[in-house]
Amino acid sequence: PPPRLVRARARRAAEMRLDDLHLWYLGDPAAPRYVGALKLVSAGKSVSLHYCKEWLDHGFALSEDLPLVDIEHAPPGRLAADAPRAVGAVDDARPDRWGEKVIRYVDRPARLSLMEYLYFAGDDRFGALGVSTSPNGYSPHANSPLPRLEDAQALSEVAAKIEAAEPITAREAKIIAGGGSPLGGAKPKALITIDGEQWVIKFFNNEPIDAPLIEHATMTLASRANITVAETRIIPLIGANAIAIRRFDREQGGRIHAISAGTAIRAATARGQEPELGYPELARILRRVGVTQDDTHRRDTRELFRRMVFNILIDNTDDHEKNHSLLVVRPFQNGRLKLAPAYDVLPTNSGQGHQEFVCGSHGRDSTLDNAMSQCEAFGLVPEEAAAEVAIVIDAVNTWKAHFEQVGVTRRDIESLAERIDGHELAAQRAGFDPSRFRAAPARKIRPGPFRRG
């Protein structure tokens, strides 16, 4: 846009104080449905939701902690100090840390509350929720059409400038603005369209290894362990690679209501109690409210167990609550939950020895014994769980050959091997004995003295 329009946009952002906004449901983007009013509460530290009457009569609960009752829903206080948070599933409509950085850099709102981040995230955020300034019509923060694959190099250069706090032009601001909020973290990324579909593109960020190519290699390796992963592809750029990840919350022009694992677990936790953010608790939720048709919930919990084991053995310790998601299937009928494809799976290369997500009775310890300790939460008896561990071990044992086939350099493989094939993880793979967990043979019942011959 012309510089005067950019200045006008910045001036409007600087003048806006967004104490009240409005939430919309965009399952069918051509027919937005008003959900209710958002309000900044708790001295600006949280955002509440009050459903409108139409949504109360004909909508669905966005998450378990947002039942269809005519009250102002606000995040409950916890035993520990919480960071600023929007209520329930609304919190997943926020931009990730990189998205927040782009908003601060491009839109420059005068105030940086949750409401500003919710509004300036634009119209392509995670899931099927949208934020508008009006209850009478869906009017989100206006952004340009998403860039296309051929704009990837330019996007990479703009992201690098923002990361380095360098000035950008009006055209560059236009191409990067409104990157939505695909779940993730602080790494530079953007949304693009490839053949008419939305993808997230993540850029090389001066890591000591080729992180985009290694993420692609790790995701495709995970599929060998019977793990459903988001589709990925490598985008070669000048002097670096980028990785594109196909969005799993978009389908045939529609948007799928989805929530993060953190939202699901917090919603299922009683008021006044601390949520246990971890794999076992997420598995319990899937067993309770997962999709029961064709035993999908049982397959999901088995796969979640495999994902936990894979993350441990591949040294992916960045498996936090936003790096697991659930799709809400037929929300207006019963709103059952389905495990979303895995994403953001790659070696952290830290060797820290603990995960971000709780794995078992020993908390976040990165051990197979810890993973096995609460296998019953996943609906598995020890013998079944041990068989799943063996499947993952077989896949991880091929990691070097697979990474080399994908194109990862020998130097990067040797760097990763210091952790993946280091004593702590390699010894667990080599020393795991599934026979330890075989079910004991059933004892024969001796006939009683009054049994007929």
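Structure: above.
Below: a short report on this structure. (Residues numbered from 1 in each chain as written. Predicted model: local features only at pLDDT ≥ 70, side-chain atom pairs only at ≥ 80, totals over all residues. Heavy atoms only, no water.)

Remarks on the layout of surface pockets
Now for step 1: By volume, the second largest pocket is sized at about 480 Å³.
Now for step 2: Together, 20 residues line the second largest pocket, and Arg94, Pro95, Arg97, Glu100 and Lys322 are the ones closest to its centre.
Now for step 3: Of all elements in the fold, only α3 (97-107) and α4 (114-120) reach the threshold of two or more residues within the lining of the second largest pocket.
Now for step 4: Across the lining of the second largest pocket, the residue classes break down as seven nonpolar, five polar and eight charged. (1 Å grid on protein atoms, 1.4 Å probe; cavity = no way out; pocket = protein on both sides within 12 Å on 5 of 7 lines; lining within 4 Å. Points joined across faces, edges and corners; volume = space filled by probe spheres on them. Helix = DSSP H or I, 4+ residues; strand = E, 2+ residues; numbered from the N terminus. Nonpolar A, V, L, I, M, F, W, Y, C, P; charged D, E, K, R; others polar.)

Observations concerning the nonpolar core
Now for step 1: Leu62, Phe305 and Phe310 are the most contacted members of the largest nonpolar core, which has 101 residues in total.
Now for step 2: Counting residues in each nonpolar core, the second largest holds 23 residues, with Tyr105, Ala152, Leu155 and Leu237 among its members. (Core = buried A, V, L, I, M, F, W, Y, C linked by side-chain atoms within 4.5 Å. Buried < 20%, exposed > 50% of the residue type's maximum accessible area, 1.4 Å probe, protein only.)

Examining the sheet that holds strand β8 (residues 197-203)
Now for step 1: Taken in spatial order, the four strands of this open sheet run β7-β8-β10-β9, and their pairing is antiparallel. Bordering the open sheet on either side are β7 (189-194) and β9 (232-237), each of which pairs with just one other strand. For this sheet the average axis-to-axis angle between neighbouring strands, irrespective of direction, equals 35°.
Now for step 2: Sitting on the sheet, helix α5 (residues 152-163) touches β7, β8 and β9, and the angle it makes with β8 is about 45°. (Pairing = 2+ DSSP bridges. Axes fitted to C-alpha atoms, helices over the stretch in contact; angles between N-to-C directions. Contact = heavy atoms within 4.5 Å.)

Quick word on the packing of α3 against α5
Now for step 1: Two elements in contact, α3 and α5, have axes whose closest approach is 11 Å; the angle formed by their N-to-C orientations is 80°. By the criterion of interaxial angle, the relationship of α3 to α5 is roughly perpendicular. Between α3 and α5, the residues in contact are Trp98, Lys101, Val102 and Tyr105 and Ala159, Lys161, Ile162 and Glu163, respectively.
Now for step 2: Taken together, the residues of the contact of α3 with α5 break down into five nonpolar, no polar and three charged. (Parallel < 35°, antiparallel > 145°, perpendicular 65-115°, else oblique.)

Considering the pattern of salt bridges
Now for step 1: This model, assessed by the stated rule, comprises 30 salt bridges.
Now for step 2: Taking the shortest distance from any N to any O, the salt bridge between glutamate 163 and lysine 101 comes out at 3.0 Å. Of this pair, glutamate 163 sits in helix α5 while lysine 101 sits in helix α3, and the two are 62 residues apart along the sequence.
Now for step 3: Residue glutamate 163 is classed as partly exposed on the basis of its relative accessible area, which comes to 31%.
Now for step 4: The class for lysine 101 is partly exposed, based on a relative accessible area of 25%.
Now for step 5: Of the charged contacts, one joins arginine 284 and glutamate 281 as a salt bridge, the two residues approaching to 3.1 Å between their closest N and O atoms. (Salt bridge = Lys/Arg side-chain N within 4 Å of Asp/Glu carboxyl O.)

A closer look at the sheet that holds strand β15 (residues 336-339)
Now for step 1: Pairing within the open sheet is antiparallel, and its three strands lie in the order β13-β14-β15. Across the chains shown, the open sheet's two edge strands, defined by having one partner strand only, are β13 (258-260) and β15. Strand-to-strand twist across the sheet, computed as the mean angle between neighbouring axes with direction ignored, equals 35°.
Now for step 2: Pairing between β13 and strand β14 (residues 325-329): three bridges, direction antiparallel. When the bridges of β14 are listed, serine 260 appears paired with serine 325.

Observations concerning helix α12 (residues 382-396)
Now for step 1: The terminal C-alpha atoms of α12 lie 21 Å apart, and with 15 residues this matches the ideal 21 Å at 1.5 Å per residue to within 8%.
Now for step 2: Residues Ala385, Ala386, Glu388, Val389, Val392, Ile393, Ala395 and Val396 constitute the buried set of α12.
Now for step 3: If you follow the buried residues of α12, they end up packed against α7 (211-224), α10 (296-313), α11 (368-373), α13 (399-406) and α15 (423-431). (Expected span 1.5 Å × (residues − 1).)

Some details on α15
Now for step 1: Among all positions of α15, only Leu425, Gln428 and Arg429 are buried. Along the long axis of α15, the arc covered by the buried residues comes to 95°, so they all point the same way. Opposite the packed face of α15, turned more than 90 degrees from it, sit the exposed residues His423, Ala430 and Gly431.
Now for step 2: Taken together, the buried residues of α15 touch α10, α11, α12 and α14 (410-420). (Arc of directions from axis to C-beta.)

So, the packing of aromatic side chains
In this description, an aromatic ring pair is defined by two values, namely the gap between the centres and the angle between the planes.
Now for step 1: Within this structure, the stated rule accounts for 15 aromatic pairs.
Now for step 2: Ring centres of phenylalanine 248 and tyrosine 343 lie 5.3 Å apart, and the angle between their planes is 35°; on these two criteria the pair is classed as tilted. Taken together, the residues span a long stretch of sequence, with phenylalanine 248 in the loop between β10 (240-246) and β11 (250-251) and tyrosine 343 in the loop between β15 and α11 at a distance of 95 residues.
Now for step 3: An aromatic cluster is present here, built from Tyr25, Trp55, Phe60 and Phe332 joined pairwise through their rings.
Now for step 4: Residue placement shows arginine 233 over the ring face of tryptophan 199; its charged tip is 6.0 Å from the ring centre. (Phe/Tyr/Trp six-rings, centres within 6.5 Å; stacked < 30°, edge-to-face > 60°. Lys NZ or Arg CZ within 6 Å of the ring centre and 35° of its normal.)

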